[in-house]
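Each chain, letter by letter, is given below.
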2 protein chains.
Amino acid sequence: MSGHPLTAVDLLLHNAQVVDVVRLRTYRGWVGVRNGKIQYAEEGEPPAGLEAAQTLDLEGQFLAPGLIDAHMHIESSLTTPRRFQEAALRHGTTTLLADPHELANVFGPSGVQYLLDATEGLDLQVYVALPSCVPATDFSLETSGGEITAADVTRLADHPRVRALGEVMDYQGLARPGSRLPGIIEAAQARGLLIEGHTPTLGGPVLSDYAAHGVLSDHTLSTPAKLYEQLSKGFTVMLQEKSLNREVVEALHGLPDRSRVLLVTDDIMPNRLIGGHLSLIVRAAVKHGLNPLEAMAMASLRPAMYLGLRDAGLIAPGRRADLVVLPDLADFRPSRVFVGGTPVFPGERPLPDSPLSPPGAELTRAPSRPAEFQLLLPDGRHALAVIGMNDRNTFTTLNYEPQAVVGGEIQDPEVTRVAVLQRSGDAPPSLGFLRGLGLTSGAFATTLAHDSHNLLVFGQDTAEISRAVNHLLTFGGGMVFLDGEETLYLPLEVGGIISDAPLAETAAAFDRIEAALRARGVTHLNPLLFLSIFSLSVSPAFKLTDLGLLDVERRSLIPLVQQLERAP
Amino acid sequence: MSGHPLTAVDLLLHNAQVVDVVRLRTYRGWVGVRNGKIQYAEEGEPPAGLEAAQTLDLEGQFLAPGLIDAHMHIESSLTTPRRFQEAALRHGTTTLLADPHELANVFGPSGVQYLLDATEGLDLQVYVALPSCVPATDFSLETSGGEITAADVTRLADHPRVRALGEVMDYQGLARPGSRLPGIIEAAQARGLLIEGHTPTLGGPVLSDYAAHGVLSDHTLSTPAKLYEQLSKGFTVMLQEKSLNREVVEALHGLPDRSRVLLVTDDIMPNRLIGGHLSLIVRAAVKHGLNPLEAMAMASLRPAMYLGLRDAGLIAPGRRADLVVLPDLADFRPSRVFVGGTPVFPGERPLPDSPLSPPGAELTRAPSRPAEFQLLLPDGRHALAVIGMNDRNTFTTLNYEPQAVVGGEIQDPEVTRVAVLQRSGDAPPSLGFLRGLGLTSGAFATTLAHDSHNLLVFGQDTAEISRAVNHLLTFGGGMVFLDGEETLYLPLEVGGIISDAPLAETAAAFDRIEAALRARGVTHLNPLLFLSIFSLSVSPAFKLTDLGLLDVERRSLIPLVQQLERAP
């Protein structure tokens, strides 16, 4: 055996503390890379006779496998895939499963195809989950853009990077008579896709009825009891940052087998992506008491096993040389990153060519007039539906309040006017009112309005509202905040939801708009998140769609004015 | 949630101790089965309103998932798949990955197709690994039957139950110039197959070179050090019975993550299969100190994950209702077995229809004459190659001994005559000699002669040898032992290697032949195993093929008579 000649390698990394995510240990050793794959991962010093085209002394730094994010949405970072890649790779995320839920809602199947095309040939390995619930609700509750059918799933599943059906919404969606979901799940199973779940509330036999459809994972807010029940019921449990706390980490320690628990990002806002990606979740887990090696295994080997990726997730022969050099084990901040043996950080990689946008879904609406946002009511007091909110999450309430209306305008300065406009055509806006936002002046308009991404606008004054809408129409979608002389905007030129600008620019514009809202009295923890969810027809409890005020639980539209319907 | 109506089930199993192989616990609970799948797996008592077509009170017995054997050869039990199923199901094995290495060696690709056809529609879920090393050596060292090429792999991989490429023999086979193996592995990887290994001896960078070809598992004799190195190098380690001892179990306890360690059977002789299957390995692991729940996880959920079977391996909603009822947790002896919710034990299931044999590979040789087994040497002393053996394993030695030859016959009663004959044609037998078997009289002939399954015969007398061969030829292959008036035989009518007789008959005939050999002085621990390996051209160190005496390590034929070649 000793006479066996070693294979020459392209890259030799030595004097490393190699992270072994199988045995959850580190060892002083070396790694040889050949043709983009790991040829050797050995303890000790490299043998004298080993030929290496390039040698790098890691000076005792840790060498870990690239992180793998098994559940996430690139659109949440408001960036195109190639801009997302720039940001994610430097933080050590080298592989992910992206669910283009927003692109599909705007563009339909061609939004999914765009994601596949725009991730082709990237350094970042992007696998794709086909969105299962597009549109989120029946068409009668709102006007939505895209639709993904069982036939689309069958066709798109042919792509070798399509691995999963994206989050199947929980019980209601499956059990509703006439639901398209069971057929979509069957189509996905027939093509061998993983079936991803989304079940914030189910437990007991109801959770089993849901899982019996073939749902394999959940990534919603977890607790120790939910974690345990879901594991026993065969779920792979994906912990995102909001699920990580001391209790959940203690529950993890109580498990003899943690191989079916993963760390995922789900949604990372652009301004957070500047500081980390899946690394943020690893750091959060460690902060709450999880062993860093365990946290890394939950973000590398275990997601690879879940996704069926046999060539990634650990530093072992035959695997992709997706490698991260870490000065510190607990604080996952890479000093170097390699993808397929190629250094991708530090240093700039050329921006890859990419298709710029899927076809369709242009913002073709004619400019608005302030009068469109006025109530067609006689002057006087009316019982108006006013949505209530809190500062922490996106839950809302509803109350009919007596409000004085003069010239179609309400007079209460503590109530914000809201409107939703279809992206094209000339249907009148639907109008609503919101108490508790705190906005004192100015207007905010956005096409980032989950899930249908119609044009959503908030403001204190109908003239400003109209001006914000019209400004947004001039650059194809995104976000606008204006207040008198001040105008801030974030163009999201791909479907009005993502931008191909460098992430730093997108994040800065995002921050400026958020700061402007806060400066005008908005007190919500995540104002832009709250506002962009205000039209989401599956988010409890009361939302505004382009067709009117929605009671989400009852799945019905309700009148804006009690007893007195708004005139047509 | 409480108002949710439960789904009616076909079968309700209650008052059970349900085995949870994810959390490695049992819980008092109930399981509901619908359409062959698990609909509910819940703690406590079933709710009053649950509709069930059939209800079974398990009276506190354990309910475990059916066992999954990730590496095995059905042919080792000398049975056809439908007879194997009868035997395996009652011991709780409900799913397996079969590598038809012997069928392929005899029949080539049609042997693999036969296995696929003969396992279609069985209760037992049979996935298939395509044999990678058929024939085991170059044709110049022996005459072999079947051959599996890269093109065969590509074609056969289309079958939905083909999951893997079977055991890639270790370093030599991969590194040899002109080896077909790398091309076969590439073909298998291109079709998404798992690549199974077989590496008894490799370690360090040489093991890495082997693994870098994409090899994902090993099932050969393990040790704590080998287990640890292989896990770190990305192998899934499969422990068969001979690998299980207190040291290896202690090494398992030292691992924080045991999800990549499996229990497998590899080879189970027919007389052992009467008493258990993968259950034997589970019991052995428990005997050596492994927690029974851990042992079960290594033989259910973990092989399912390795094989990419998302619908099996645990008792959870959406999974196949492959269930085993156990009176005792540590002693895995099922009192009931269900497959897809259907009871398969106790009670008889109808024997399924099955194709009876692949085409080709008939035993068409003309009857032999005693003179064919005599040496063509003048009377006198000659330096003859005599193979040496031990009583425990299949390792052999070689020594040239001066032996008196009279009339072509050696005179030493402690040396057994051996011959290998091609299955067809009229090439003369190759002759050899074996010291240490202990056989005092009679002759044993078999077509079960790994891997090429030529006709292998042992005896003390050339007339008996010829008679044994000729008797074997009359029934198409199998095993014969005869000694004067006594004749024992085991027909293996499918290719001379497996039988469609009920397992009890096959096992009884096997036992009778083994007992007869022992009664004639044979002292080896596993005589029929030793004898059937005597022609295996990759088994160290000296073997006899139809072309002559083989030095396995040097991969060359060597003369039977020193200095004096046997006359043509």
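Residues numbered from 1 in each chain as written. Chains lettered and ligands numbered in written order. Predicted model: local features only at pLDDT ≥ 70, side-chain atom pairs only at ≥ 80, totals over all residues. Heavy atoms only, no water.

(A) Highlighting the overall build of chain A. Counting secondary structure elements, chain A contains 16 helices and 28 strands. Taken along its principal axes, the extent of the C-alpha atoms in chain A is 95 × 55 × 45 Å. Here chain A holds 568 residues, and 63% of them are scored as buried. Counting contacts in chain A only where the partners sit at least 6 residues apart, residues at least 24 apart contribute 68% of the total. (Helix = DSSP H or I, 4+ residues; strand = E, 2+ residues; numbered from the N terminus. Buried < 20%, exposed > 50% of the residue type's maximum accessible area, 1.4 Å probe, protein only. Contact = heavy atoms within 4.5 Å.)

(B) Just the relation of the copies chain B and chain A, in detail. Aligned on chain A, chain B shows an RMSD of 0.1 Å; the corresponding rotation is 180° and the shift along the axis is 0.0 Å. On this basis, the relationship between the two copies can be described by a two-fold rotation axis. Looking at the interface residues of chain B, 100% of them are also at the interface in chain A, so both copies use one shared face. (Least-squares fit on C-alpha atoms with pLDDT ≥ 70 in both.)

(C) Unusual backbone geometry, seen in detail. A cis amide bond links A:Val134 to the next residue, A:Pro135, at an omega of 0°. The omega torsion across B:Phe345 and B:Pro346 is -5°, close enough to zero to call that bond cis. Within the secondary structure, B:Pro346 sits in the loop between strand S16 (342-345) and strand S17 (380-389). For A:Asp266, which is not glycine, the phi torsion reads 60° and is therefore positive. Here A:Asp266 lies in the loop between strand S13 (261-263) and helix H10 (270-273). Judged by relative accessible area, which is 8%, A:Asp266 ranks as buried.

(D) Molecular detail of the confidence of the model for chain A. Residues and elements named next belong to chain A. When the pLDDT values of chain A are averaged, the result is 95; 98% of them are 70 or greater. Low pLDDT, under 50, characterises residues 564-568; the stretch is placed with seven contacts to residues that sit more than four places away or in other chains. For this predicted complex, the interface confidence reaches an ipTM of 0.94, while the overall pTM sits at 0.95. (pLDDT = per-residue confidence, 0-100.)

(E) Geometry of helix H8 (residues 224-232) of chain B. Along H8(B), the residues classified as buried are B:Lys226, B:Leu227, B:Gln230, B:Leu231 and B:Ser232. Two residues or fewer after H8(B) comes B:Gly234, characterised by a positive phi angle close to 90°.

(F) Up close: the nonpolar core. Membership of the largest hydrophobic core comes to 311 residues, with the highest contact counts inside it found for A:Leu263 and B:Leu263. In this structure, A:Leu263 is in contact with A:Ile68, A:Leu239, A:Leu244, A:Leu278, A:Ile281, A:Val282, A:Ala285, A:Ala295, A:Met298 and A:Ala299, ignoring residues within four places of it in sequence. (Core = buried A, V, L, I, M, F, W, Y, C linked by side-chain atoms within 4.5 Å.)

(G) Region of interest: empty space enclosed by the protein. Overall, the coordinates contain six cavities of 30 Å³ or more when judged by the stated rule. In this structure, the largest cavity encloses a volume near 160 Å³. For the largest cavity, the lining is made up of 14 residues, of which A:Glu86, A:Arg90, A:Val344, A:Gly347 and A:Arg349 are closest to its centre. Residue assignment for the lining of the largest cavity shows that the elements contributing at least two residues are helix H1 (81-89) and strand S16 (342-345) of chain A. Looking at the lining of the largest cavity element by element, the count peaks at four residues for H1(A). Grouping the amino acids of the lining of the largest cavity by side-chain chemistry returns six nonpolar, two polar and six charged. Of the pockets and cavities examined, the second largest cavity occupies roughly 90 Å³. Residue lining of the second largest cavity: 13 residues in total, with B:Phe373, B:Arg417, B:Leu431, B:Phe433 and B:Thr462 positioned closest to the centre. The set of elements that each furnish at least two residues to the lining of the second largest cavity consists of strand S19 (409-410), strand S20 (415-421), strand S21 (430-435) and helix H14 (462-474) of chain B. (1 Å grid on protein atoms, 1.4 Å probe; cavity = no way out; pocket = protein on both sides within 12 Å on 5 of 7 lines; lining within 4 Å. Points joined across faces, edges and corners; volume = space filled by probe spheres on them. Nonpolar A, V, L, I, M, F, W, Y, C, P; charged D, E, K, R; others polar.)

(H) Expanded view of the sheet that holds strand S27 (residues 548-551) of chain A. Residue and element names in this part refer to chain A. Strand order across the open sheet formed by three strands is S26-S27-S28, with antiparallel pairing between neighbours. Every interior strand has two partners, whereas the edge strands, strand S26 (542-545) and strand S28 (556-558), have only one. With strand direction ignored, the average angle separating the axes of adjacent strands in the sheet is 45°. Bridge count between S27 and S28: three bridges; the pairing is antiparallel. Bridging across to S28, Leu550 finds its partner in Leu557. (Pairing = 2+ DSSP bridges. Axes fitted to C-alpha atoms, helices over the stretch in contact; angles between N-to-C directions.)

(I) Examining the packing of helix H8 (residues 224-232) of chain A against helix H9 (residues 246-253) of chain A more closely. All names here are of chain A. Their axes nearest at 9 Å, the elements H8 and H9 cross at an angle of 35°. Contact residues: H8 offers Pro224, Leu227 and Tyr228, while H9 offers Glu247, Val248, Ala251 and Leu252. Partitioning the contact of H8 with H9 into residue classes produces six nonpolar, no polar and one charged.

(J) Structural view of the interface of chain B and chain A. The interface is formed by 51 residues belonging to chain B together with 51 residues belonging to chain A. Each partner contributes to the roughly 4,300 Å² buried at the junction of chain B and chain A, and carbon and sulfur atoms together form 56% of this total. Contact with chain A buries surface across chain B, with B:Arg23, B:Arg260 and B:Arg310 losing the most and accounting together for 15% of the total. Joining chain B to chain A, the criterion identifies four salt bridges. One salt bridge connects A:Asp257 with B:Arg302, and the closest N-O pair in it is separated by 3.3 Å. Our enumeration of links across chain B and chain A arrives at 26 residue pairs in polar contact (both at pLDDT 80 or more). Elements with a minimum of two residues in the side of chain B that touches chain A: strand S3 (37-43), helix H7 (204-211), H8 and helix H13 (301-307) of chain B. The leading source of residues in the side of chain B that touches chain A is H7(B), at six residues. (Buried area = accessible area lost by both parts, 1.4 Å probe. Salt bridge = Lys/Arg side-chain N within 4 Å of Asp/Glu carboxyl O. Polar contact = N/O pair within 3.5 Å; in protein donor to acceptor, adjacent residues only side chain to side chain.)

(K) Seen up close, the pattern of salt bridges. Residues and elements named next belong to chain A. Evaluated as defined, the whole model comprises 58 salt bridges over all chains. Arg520 is paired through a salt bridge with Asp483; the nearest N and O atoms lie 2.8 Å apart. With Arg520 in the loop between helix H15 (503-519) and helix H16 (527-532) and Asp483 in strand S24 (residues 478-483), this residue pair connects regions lying 37 residues apart in the sequence. No difference in accessibility class separates Arg520 from Asp483, as the two residues are buried.

(L) Up close: the packing of aromatic side chains. Here the structure, examined in full by the defined rule, presents nine aromatic pairs over all chains. Each residue in the set A:Phe444, A:Phe458, A:Phe530 and A:Phe534 is aromatic and connected to the rest through ring pairs, giving one cluster. (Phe/Tyr/Trp six-rings, centres within 6.5 Å; stacked < 30°, edge-to-face > 60°.)

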